[in-house]
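Here is what each chain is made of, one letter per residue.
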Amino acid sequence: MNIVVGVTGGIAAYKSVHLVRLLIKAGHEVTVIPTEDALRFVGLPTWEAISRHPVTTSVHDDVARVRHVALGQNADLVIVAPATANTIARMTAGIADDLLGTTLLATEAPVVIAPAMHAEMWRHTATQANVATLRSRGVHIVGPADGELAGGDSGPGRMVEPEDIAEAALALFAAGDLAGLRVAISAGGTREPIDPVRYLGNRSSGRQGVALAAEAAARGASVTLVAANISGDVLAAAQHPSVDIVPVGSAAELGDALTDIAAAADVVVMAAAVADYRPVEVAARKLTKDRGELTRIELVENPDIIAGLTAARREGQTFVAFAAETPSEEGGEEEMLARARRKRERKGVDVLVVNEVGWDRGFETPDNEVRVIGPDGAVIAAASGSKHQVAAAIWDSLAAVRSPV
Ligand code: CTP
């Protein structure tokens, strides 16, 4: 493949030397396009020597071969690593005053960026909004990782290791049955704040959603996992270069985060347990017993997130909801499935995964048992076993729904 590696002005630029070596070792032609700032960290001769191609930052070199667009047109893949906050902002605005800018505008190849910056800059609303815009345009974001940053600080902002960037980028071309698919998954349970120390929550651990994310990534999809209050050890199973994790707290945060992510996805899997109600008011200070403030909490209904997303569906999108149900004493299984079918229609989803739950099953356990209801209301799959096995069975049935034989 012809791969363009854009290098921008961050200390992590030195690690991209290794990234270029890895890509060349894997048999690819690599052209490096640094920005002027990047050359302050690693000089031009290093990039030329390592890539064995001429390197320039300028749109005015090699004009005869319209180099400013030719590199982008001929690329099969463009990687920008490190991608600074400034570069991310410039990409969002489509600024093209150097060779990397023109190349990014001229390419139709997949673009993978590996952000690297200080944690504050990464968390800034401007950067987050820019990243969301790029993601909605199909740019693949790898990282950043959480860890030690330049100057002794730590937090999210560290560039993902070159091996992982290469793996994530090349996985876009992997032959898995979900290769090229963009998947959005919500998982975990929302917490609805009552006051600064209390919330209304539920017992969802997020394990099934995390297993769905890991399985999709392993099969070639690029996944965004919107994680509502999932503990670090559960989330660790989703660590994969093609899984991007977006942490959220309340139903409102989950809804806001998912709106843009779902718009850019081919498959949206709503596995999160969303609180149906939230307190009307969130107290600014801790409520106390002696004032009798905790005996009544007035609640208001949360919007139905998945119903909102399906109402704005694009052609080609597949929506999946989950229903945690307990069979009733009188109606048993049949009545439970009938309820689930009505729920599938009410939510406007293609597929509903019914998850039988009780005090001792479904939640906080490693195993699960599900029935998958397909677009015409029939049960198209049933699976039980580890949440990983169940995830594989769910993806098998989703792959079949998307491309029926
Ligand atoms: N869901 C959602 N937004 C909500 C509540 C639920 O998107 N405010 C999603 C869940 O993530 C799940 C599906 O809807 O994928 C079904 O959730 P469930 O709680 O079973 O549905 P409800 O509509 O709340 O029905 P019930 O009255 O049975 O709780």
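What counts as what
Residues numbered from 1 in each chain as written. Predicted model: local features only at pLDDT ≥ 70, side-chain atom pairs only at ≥ 80, totals over all residues. Heavy atoms only, no water. Helix = DSSP H or I, 4+ residues; strand = E, 2+ residues; numbered from the N terminus. Buried < 20%, exposed > 50% of the residue type's maximum accessible area, 1.4 Å probe, protein only. Near = heavy atom within 4 Å. Polar contact = N/O pair within 3.5 Å; in protein donor to acceptor, adjacent residues only side chain to side chain. Areas by Shrake-Rupley, 256 points an atom, 1.4 Å probe, with all protein chains shown as cover. Nonpolar A, V, L, I, M, F, W, Y, C, P; charged D, E, K, R; others polar. Patch = residues over 30% accessible without salt bridge, like charges linked within 9 Å, V, L, I, M, F, W, Y side chains within 5 Å. Salt bridge = Lys/Arg side-chain N within 4 Å of Asp/Glu carboxyl O. Domains from an automatic or database assignment. Contact = heavy atoms within 4.5 Å. Buried area = accessible area lost by both parts, 1.4 Å probe. Pairing = 2+ DSSP bridges. Right-handed = clockwise from strand over helix to strand, strands pointing away.

**Student:** What's the story with the environment of Leu99 in this structure? I'm lost.
**Tutor:** Considering the arrangement of structural elements, one finds Leu99 in helix 5 (residues 99-106). Its relative accessible area of 0% is what places Leu99 among the buried residues. Placed 76 residues apart in sequence, Leu99 and Leu23 show a C-alpha to C-alpha distance of 21 Å.

**Student:** How should the site of the ligand be read in this particular structure?
**Tutor:** Taken together, 14 residues lie around the ligand, and Met270, Ala272, Asp276, Lys343 and Lys347 are the ones closest in. The contact in question runs from an oxygen atom of the ligand to an N or O atom on the side chain of Asp276, over 2.7 Å. Between the ligand and Lys343, the relevant distance is 2.6 Å, taken from an oxygen atom to a side-chain nitrogen or oxygen of the residue. Across the complex, the protein chains shield 76% of the 580 Å² of accessible surface that the ligand would expose by itself. Taken together, the elements giving at least two residues each to the shell around the ligand come down to helix 12 (305-311), strand 16 (318-325) and helix 13 (332-347). Considering only residue class, the shell around the ligand consists of nine nonpolar, no polar and five charged.

**Student:** Even after reading the chapter, I still don't get a nonpolar patch on the surface, so can you show me in this structure?
**Tutor:** A contiguous nonpolar patch, built from Leu200, Tyr277, Ile297 and Leu299 and spanning about 320 Å² of accessible area, is present on the exposed surface. Locating Ile297 in the fold gives a position in the loop between strand 14 (277-279) and strand 15 (299-301). Residue class for Ile297 comes out partly exposed when judged on its relative accessible area of 34%.

**Student:** I would appreciate a short explanation of the domain arrangement of the protein chain in the present structure.
**Tutor:** Interfaces are often described in size by the accessible area the parts lose on coming together. Partitioning the protein chain into domains gives domain 1 (2-170) and domain 2 (182-402). The interface is formed by twelve residues belonging to domain 1 together with nine residues belonging to domain 2. Taken together, the two surfaces of domain 1 and domain 2 that pack against each other cover about 730 Å², and 52% of this comes from carbon and sulfur. Between domain 1 and domain 2 we count one salt bridge in total. Here Asp244 and Arg135 are joined by a salt bridge, their closest N and O atoms 2.2 Å apart. Between domain 1 and domain 2 we count two residue pairs in polar contact (both at pLDDT 80 or more) in total. Looking at the side of domain 1 that touches domain 2, the elements that each hand over two or more residues are helix 7 (125-136), strand 5 (140-141) and helix 8 (162-171). Among the residues forming the side of domain 1 that touches domain 2, the class breakdown is four nonpolar, four polar and four charged.

**Student:** What is the right way to look at the pairing of strand 17 (residues 351-356) in this model?
**Tutor:** Within strand 17, six of the six residues are buried, which leaves the element mostly enclosed by the surrounding structure. Alternating residues of strand 17 divide into Val351, Val353 and Asn355 and Leu352, Val354 and Glu356, and every residue in both groups is buried. Both strand 16 and strand 17 contribute to a ladder of six bridges, which runs parallel. Paired with Ala321 across the bridge in strand 17 is Leu352. After leaving strand 16, the chain enters helix 13 and then returns to the sheet as strand 17, a path that is right-handed. Both strand 17 and strand 18 (residues 367-373) contribute to a ladder of four bridges, which runs antiparallel. When the bridges of strand 18 are listed, Leu352 appears paired with Ile373.

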